[in-house]
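Summary of structural features
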Amino acid sequence: MICPSPLRDIPTNHQSPVDRLLLTDDFLKDPLRYREQDKFKSAMTSTLLKSSARSPLNAPTVRHFPNGLTVIAEHLPVDAVNLSVWLNLGSAVEPDEINGMAHFLEHMIFKGTPSIPSGEFERAIEQRGAVTNAATSQDYTNYYITTAPKDFAELAPLQVDVLLNASIPDDAFDRERLVVLEEIRRSEDNPRRRTYQRSVELAFEVLPYKRPVLGPTAVIEQLKAQQMRDFHSSRYQPGAMTAVAVGNLPVDRLIEIVADSFAAKSTAQNGKINVPAVGNFHPQFQSPTYGKESPFTETVRREFVDSALQQARLIMMWRVPGFVEMSETYALDVLATILGHGRTTRLVQDLREDQGLVSSISVSNMTQRLGGVFSISAQLATENLPAVESAIVGHIRTLQTELVTDAEISRIRTQVANRFVFANETPSDRASLYGYYQSMVGDIAPALNYAACIQALTAEDLREAAVKYLSPDAIGVVVIRPTAE
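All values derive from a computational prediction rather than experimental measurement.

1. Describing the side chain of Glu176
With respect to the helices and strands, Glu176 occurs in helix 5 (residues 170-188). Judged by relative accessible area, which is 11%, Glu176 ranks as buried. Among the polar contacts made by the side chain of Glu176, one reaches the side chain of His107 at a distance of 2.8 Å. Among all residues touching Glu176, those that are not within four sequence positions of it are Phe104, His107, Met108 and Lys111.

In structure tokens:
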């Protein structure tokens, strides 16, 4: 079993549909809440990973190709195959002047290629009863199809073609811009999205996660189709992709279909395929570099009025490690569970069930690649704000001074083991898990060993994490009232 020490050399990608499997609300910690020709196959490397003895997953096969493409495959005896393609590309790599480009491009991917007219990909999927979808987050973009096993060899190349060879015609670009602008408008009109955006703008001072994935209206209105074509040609390269195939075909056949698809479609785009293109970015689109987010040194408050709300919102936040310090995140996941996952957890039992001070309360340890946020969010009557904030601070102090009980630890060990099984029963579940971790940290071993790492934590480990990261005297606090006082 490997419980990773702080990771190094991780590539520079809420909760959108896919986030890593954990104990918090984030399902796969933000999954979706993502060959060469025969003469090159002898040069590829193959690794069969060993899963933890406690892991219910099989050991998926991981193969790396000379152009940088990673293919992960696993046989699963259900009558479906899922192909999930993940790119190390999200809004976090965008300069401010093109913020929203990655999400806009996700829309344009489906507007046709030189060999697939616009709409034909979707028609081919629908005619065979298959499904397709996509998502963009701060740290990644993910595309997937789920097909019957007999259709996989025919549909997988189409998926790869639309990714590598998107035409991005001017007229379709202008039409789709209107769709994206409407999506931004609807997001800004959504009280829940507004609450989230106000929270992350306080939580992140240095890192790009405070910016909306959709981008601002002013930027989207100014983008040009040629900018997107340049962005696509530099970023949508096999070397920046992980392709995961899980389902009812032999592993070697799954890998062969995916590898041959990338070989053929990469040839169509680039003329040759064994050139690692991941670093060949246009200078205009070099990824920004960011420093480390510093913890709050005092309590910082932001207050808003939102007339669309019926009750107030209270969000209390701490800046915590991201995937670049993965070993530091496990204890925080457990602390989030102890405080707020289930009716018998500490904050829910105290503030909702016993005192009736909140309508709802939840706790999340949101982990992005470069940093994270541990947050406690409550919905409550305005007059209860002072009492609830004080009570939460009291619970944080208790975590720092008293060890978590054996009963709580036992409950969590059972809970995480069961959720790990329940969340990984289908091909799409497995493909999302493997693709997310490979894309985010360059390794799927942490996905296989997550439950065992959680179960290895002691009460003292949890107390030390609370002392280190959850100061009761240095908190980011966002209060949103339904009406002005």
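Moving on, there is more to tell.
2. Notes on the sheet that holds strand 11 (residues 372-380)
Read from one edge of the open sheet, 5 strands run 8-12-9-11-10, paired in mixed fashion. A single partner strand is all that each edge strand has here, and the edge strands are strand 8 (300-305) and strand 10 (360-367). In this sheet, adjacent strand axes meet at a mean angle of 15° when their direction is disregarded. Sheet topology note: the strand 9 (residues 312-320)/strand 12 (residues 476-481) ladder contains 5 bridges and is antiparallel. The residue bridging Arg313 from the neighbouring strand is Ile480, located in strand 12. Packing against the sheet, helix 6 (residues 191-203) makes contact with strand 8, strand 9, strand 10, strand 11 and strand 12, and its axis sits at approximately 35° to strand 9.

3. As for the pairing of strand 4 (residues 81-87)
Strand 4 sits mainly inside the fold: 7 of its 7 residues count as buried. Side chains Val81, Leu83, Val85 and Leu87 project from strand 4 onto one buried face, and the interleaved Asn82, Ser84 and Trp86 project onto a second face that is buried too. Looking at chain direction, strand 4 and strand 6 (residues 141-147) are connected through 7 bridges and run antiparallel. Note on strand 6: the bridge partner recorded for Ser84 is Tyr144.

4. Points about the confidence of the model for the protein
On average, residues of the protein score 85 in pLDDT, and 84% of them reach the 70 mark or higher. For the stretch residues 4-56, pLDDT sits under 50, and the model shows 234 contacts to residues farther than four places along the chain or on other chains. Here residues 269-285 is a poorly scored stretch, pLDDT under 50, and it has 37 contacts once near neighbours within four places are set aside; other chains count.

5. Remarks on the pattern of salt bridges
A side chain with one charge can pair with a side chain of the opposite charge if their charged atoms come near. Throughout the structure, instances matching the rule amount to 27 salt bridges. Its salt-bridge partner being Asp252, residue Arg63 comes within 3.1 Å of it at the nearest N-O pair. Placement of Arg63 in strand 2 (residues 61-64) and of Asp252 in helix 9 (residues 251-270) is noted, with a sequence separation of 189 residues between them. Judged by its relative accessible area of 52%, Asp252 is exposed. With its nearest N and O atoms 3.5 Å apart, the salt bridge here joins Arg198 to Asp306.

6. Structural notes on helix 14 (residues 427-441)
With 15 residues, helix 14 extends 21 Å from end C-alpha to end C-alpha; this agrees with the ideal 21 Å at 1.5 Å per step. Once helix 14 ends, the next one or two residues include Gly442, with phi positive near 75°.

7. A short note on the packing of aromatic side chains
This model, assessed by the stated rule, comprises 13 aromatic pairs. Their ring planes at 75° and their centres at 5.9 Å tell us that Trp86 and Tyr436 sit as a pair that is edge-to-face. Taken together, the positions of Trp86 in strand 4 and Tyr436 in helix 14 put the pair 350 residues apart, joining distant regions of the chain. By relative accessible area, Trp86 is classed as buried at 0%. With centroids separated by 6.1 Å and ring planes inclined at 70°, the aromatic side chains of Trp318 and Phe374 adopt a geometry described as edge-to-face.

8. Some details on the environment of Gln415
Relative to the helices and strands, Gln415 is located in helix 13 (residues 406-422). Each C-alpha atom, one on Gln415 and one on Thr337, is 9.7 Å from the other, the two residues being 78 residues apart in sequence.

9. A word on helix 16 (residues 459-469)
The complete set of buried residues in helix 16 reads Ala459, Leu462, Ala465, Ala466 and Tyr469. The buried residues of helix 16 occupy one face: seen down the axis, they fall within an arc of 125°.

Reading guide: rules and limits
- Residues numbered from 1 in each chain as written.
- Predicted model: local features only at pLDDT ≥ 70, side-chain atom pairs only at ≥ 80, totals over all residues.
- Heavy atoms only, no water.
- Helix = DSSP H or I, 4+ residues; strand = E, 2+ residues; numbered from the N terminus.
- Buried < 20%, exposed > 50% of the residue type's maximum accessible area, 1.4 Å probe, protein only.
- Polar contact = N/O pair within 3.5 Å; in protein donor to acceptor, adjacent residues only side chain to side chain.
- Contact = heavy atoms within 4.5 Å.
- Pairing = 2+ DSSP bridges.
- Axes fitted to C-alpha atoms, helices over the stretch in contact; angles between N-to-C directions.
- pLDDT = per-residue confidence, 0-100.
- Salt bridge = Lys/Arg side-chain N within 4 Å of Asp/Glu carboxyl O.
- Expected span 1.5 Å × (residues − 1).
- Phe/Tyr/Trp six-rings, centres within 6.5 Å; stacked < 30°, edge-to-face > 60°.
- Arc of directions from axis to C-beta.

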